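Chain and residue survey
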Amino acid sequence: MRGPAMRLPPRIALSALARGPSCILGSGAATRKDWQTRNRRGFSDFNIEPLPDSDLEESSPWTSRNRSEPTRHIACKKAARNLVRDLLEHQNPSRQIILECNPGPGILTGALLKAGARVVAFESEKTFIPHLEPLQRNMDGELQVVHCDFFKMDPRYQEVVRPDVSSQAIFQNLGIKAVPWSAGVPIKVFGILPYKHERRILWKILFDLYSCESIYRYGRVELNMFVSEKEFRKLIATPKRPDLYQVMAVLWQVACDVKFLHMEPWSSFSVHTENGHLEKSKHGESVNLLKQNLYLVRMTPRRTLFTENLSPLNYDIFFHLVKHCFGKRNAPIIRHLRSLSTVDPINILRQIRKNPGDTAARMYPHDFKKLFETIEQSEDSVFKWIYDYCPEDMEF
């Protein structure tokens, strides 16, 4: 259970809790009031960094790579009308803020404005901005345009974030204020995930969600995203599909109500290069990509996500629990618990009504949350979590 992604400050290695090759970590309960005003780096003396997906590379964050891939935009007016229906539903459009990611030529933007919505367009390509600003003329809605790539906002591996990619600075300028987590959905985000970086972005958003950082500082922000069929199948997977059921499915389904809205053929989208020009398919790979369908998925954070036993104070330990269990998904869950916790595993499994022989592959997302919270609230031991460390894993 060692690796570069799970790091402890050196003071833990030197503390009385360190015993040979292991550290025993205590994890107390916390409420939203406790962590609401605190920076994540100060949440805990232990400050464990969760084990990321193998696609996430700390040493070479994707946001700094050279050329951006071509962007996809809504090109079909019928598809735009359907999206307006999905995004606004039966709500008063003037009270709903829609953040549209890379609207491009503004087909959907115009349809939203016509319906009376307040739209904030995050456009990464300067070429499109002059075409977006005139859209609010003769429209009932309100439009604000921000020159920023939404998917590259608030990079996690930079100590200092530039104001032009900081959600805090941008939202302040837009007049968007935070609301309590228990309130309704304050903002809806619509976007098409870049197909080369879908998984990276989904992981990054997960970290932001559980830590209440970035857009989630402002409440239960709802995502409405077009994703590829491959990632869609993984997002909604359950133990009934062991070939697709992975850590990401557990974490997303614990955090959000994940709902499939509809499928859209690639013919409904246009493809533009970073200079705003239509891309012409020259290679077989591009042609095949254009033939793929996209799936619109709504991810609404649950009001009940955070409890006294699962919060931004300790979500990283929950991540590690799930990752550990899926590391050997067919091993009995009791074996994982003996490696992870000092609490009596038999007693814990009895409380959540699971058999010692059950495996991670057979546990549903809500089972993992219940397992974690049961360990957290256990009174068997003050220090509940065990972490094997190695000196080179420490951050000095």
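About the thresholds
- Residues numbered from 1 in each chain as written.
- Predicted model: local features only at pLDDT ≥ 70, side-chain atom pairs only at ≥ 80, totals over all residues.
- Heavy atoms only, no water.
- Helix = DSSP H or I, 4+ residues; strand = E, 2+ residues; numbered from the N terminus.
- Buried < 20%, exposed > 50% of the residue type's maximum accessible area, 1.4 Å probe, protein only.
- Contact = heavy atoms within 4.5 Å.
- Areas by Shrake-Rupley, 256 points an atom, 1.4 Å probe, with all protein chains shown as cover.
- UniProt positions renumbered as here; feature names shortened; annotations may be inferred.
- Polar contact = N/O pair within 3.5 Å; in protein donor to acceptor, adjacent residues only side chain to side chain.
- Axes fitted to C-alpha atoms, helices over the stretch in contact; angles between N-to-C directions.
- Parallel < 35°, antiparallel > 145°, perpendicular 65-115°, else oblique.
- Left-handed = near helix turned anticlockwise from the far one by under 90°.
- Nonpolar A, V, L, I, M, F, W, Y, C, P; charged D, E, K, R; others polar.
- Pairing = 2+ DSSP bridges.
- Salt bridge = Lys/Arg side-chain N within 4 Å of Asp/Glu carboxyl O.
- 1 Å grid on protein atoms, 1.4 Å probe; cavity = no way out; pocket = protein on both sides within 12 Å on 5 of 7 lines; lining within 4 Å.
- Points joined across faces, edges and corners; volume = space filled by probe spheres on them.
- Core = buried A, V, L, I, M, F, W, Y, C linked by side-chain atoms within 4.5 Å.
- Domains from an automatic or database assignment.

Some details on the overall build of the protein chain
Scanning the protein chain for helices and strands turns up 14 helices and 12 strands. Looking at the protein chain as a whole, 54% of its 396 residues qualify as buried. Contacts spanning at least 24 positions in sequence make up 77% of the contacts within the protein chain whose residues lie at least 6 apart. Accessible surface, the protein chain as shown: approximately 18800 Å² in total, 48% of it carbon and sulfur.

So, the UniProt feature "binding site: S-adenosyl-L-methionine" in the protein chain
As recorded in UniProt, the sites labelled "binding site: S-adenosyl-L-methionine" are Ile-74, Glu-123 and Asp-149. Checked against the element boundaries, Ile-74 lands in strand S3 (residues 71–74). Not counting chain neighbours up to four residues away, the residues in contact with Ile-74 comprise Ala-79, Ala-80, Leu-83, Ile-107, Leu-108, Phe-190, Ile-192, Phe-226, Ser-268 and Phe-269. Tracing the sequence through the fold places Glu-123 in strand S5 (residues 118–123). Those residues in contact with Glu-123, other than ones at most four positions away along the chain, are Asn-102, Pro-103, Gly-104, Phe-128, Ile-129, Leu-132, Val-146, His-147 and Cys-148. Engagement of the side chain of Glu-123 in a polar contact is seen with the backbone nitrogen of Gly-104, the distance being 2.8 Å.

Brief notes about the packing of helix H7 (residues 198–211) against helix H9 (residues 247–255)
Their axes nearest at 11 Å, the elements H7 and H9 cross at an angle of 40°. When the axes of H7 and H9 are compared, the pair comes out oblique. Seen from above, H7 lies across H9 with left-handed handedness. Facing H7, whose interface residues are Arg-199, Leu-202, Trp-203, Ile-205, Leu-206, Leu-209 and Tyr-210, H9 presents Val-247, Met-248, Leu-251, Trp-252, Val-254 and Ala-255. Residue composition of the contact of H7 with H9, grouped by class: 12 nonpolar, no polar and one charged.

Points about the sheet that holds strand S9 (residues 256–264)
Sheet architecture is open: seven strands sit in the order S6-S5-S4-S7-S8-S11-S9, paired in mixed fashion. With partners counted over all chains shown, the strands left at the sheet margins are strand S6 (142–147) and S9, one partner each. Sheet twist, expressed as the average angle between the axes of neighbouring strands with direction ignored, equals 20°. In terms of strand pairing, strand S4 (residues 97–101) meets strand S7 (residues 187–192) through four bridges, oriented parallel.

Some points on the side chain of Ser-341
Assignment of secondary structure puts Ser-341 in the loop between helix H12 (333–340) and helix H13 (345–351). Among the polar contacts listed, one links the side chain of Ser-341 to the backbone oxygen of Lys-384, at a separation of 2.7 Å. Among residues more than four places away in sequence, those in contact with Ser-341 are Ile-375, Lys-384, Trp-385 and Ile-386.

Focus: helix H4 (residues 107–114)
Because the α-helix completes a turn every 3.6 residues, residues three or four places apart line up on one side. Buried residues dominate H4, accounting for six of its eight residues. Residues Leu-108, Thr-109, Gly-110, Ala-111, Leu-112 and Leu-113 constitute the buried set of H4. The positive-phi residue at the C-terminal boundary of H4 is Gly-116, with phi of around 95°.

Examining the pattern of salt bridges
In the structure shown here, the tally under the stated rule is 14 salt bridges. A salt bridge links Asp-367 to Lys-354; the shortest N-O distance between them is 3.2 Å. A residue pair is termed long-range when its members are at least 10 positions apart, and Asp-367 in helix H14 (residues 365–376) and Lys-354 in the loop between H13 and H14 qualify at 13 residues. Each of the two residues, Asp-367 as well as Lys-354, counts as buried. Residue Arg-362 pairs with Asp-358 through a salt bridge whose shortest N-O separation is 3.6 Å.

Details of empty space enclosed by the protein
Counted by the stated rule, this structure contains three cavities of 30 Å³ or more. Reported here for the largest cavity is a volume of approximately 120 Å³. Surrounding the largest cavity, Phe-150, Phe-151, Met-153, Ile-201, Lys-204, Ile-205, Asp-208, Ser-214, Ile-215, Tyr-216 and Leu-223 form its lining. It is H7 that contributes the most residues to the lining of the largest cavity, four residues altogether. Of the residues that constitute the lining of the largest cavity, the class distribution is eight nonpolar, one polar and two charged.

A few points about the nonpolar core
By size, the foremost hydrophobic cluster in this structure holds 78 residues, and its most contacted members are Phe-122, Phe-150, Phe-171, Tyr-210, Trp-252, Phe-318 and Phe-368. Inspection of this core shows a minimum of three residues originating in each of domain 1 (71–301) and domain 2 (314–394). Of all hydrophobic cores here, the second largest spans 24 residues; its members include Ala-79, Leu-88, Phe-190 and Leu-296.

Topic: the packing of helix H11 (residues 315–327) against H14
Each pair of packed helices gets described by two things: the angle between the helix axes and the distance between those axes. Look at H11 against H14: their axes get within 11 Å of each other, and the N-to-C directions meet at 120°. In terms of axis orientation, H11 runs oblique to H14. In the packing of H11 onto H14, the handedness of the crossing is right-handed. Residues Ile-317, Phe-318, Leu-321, Val-322, Cys-325 and Phe-326 of H11 form the contact with H14, whose participating residues are Phe-368, Lys-369, Leu-371 and Phe-372. Of the residues belonging to the contact of H11 with H14, the class tally is nine nonpolar, no polar and one charged.

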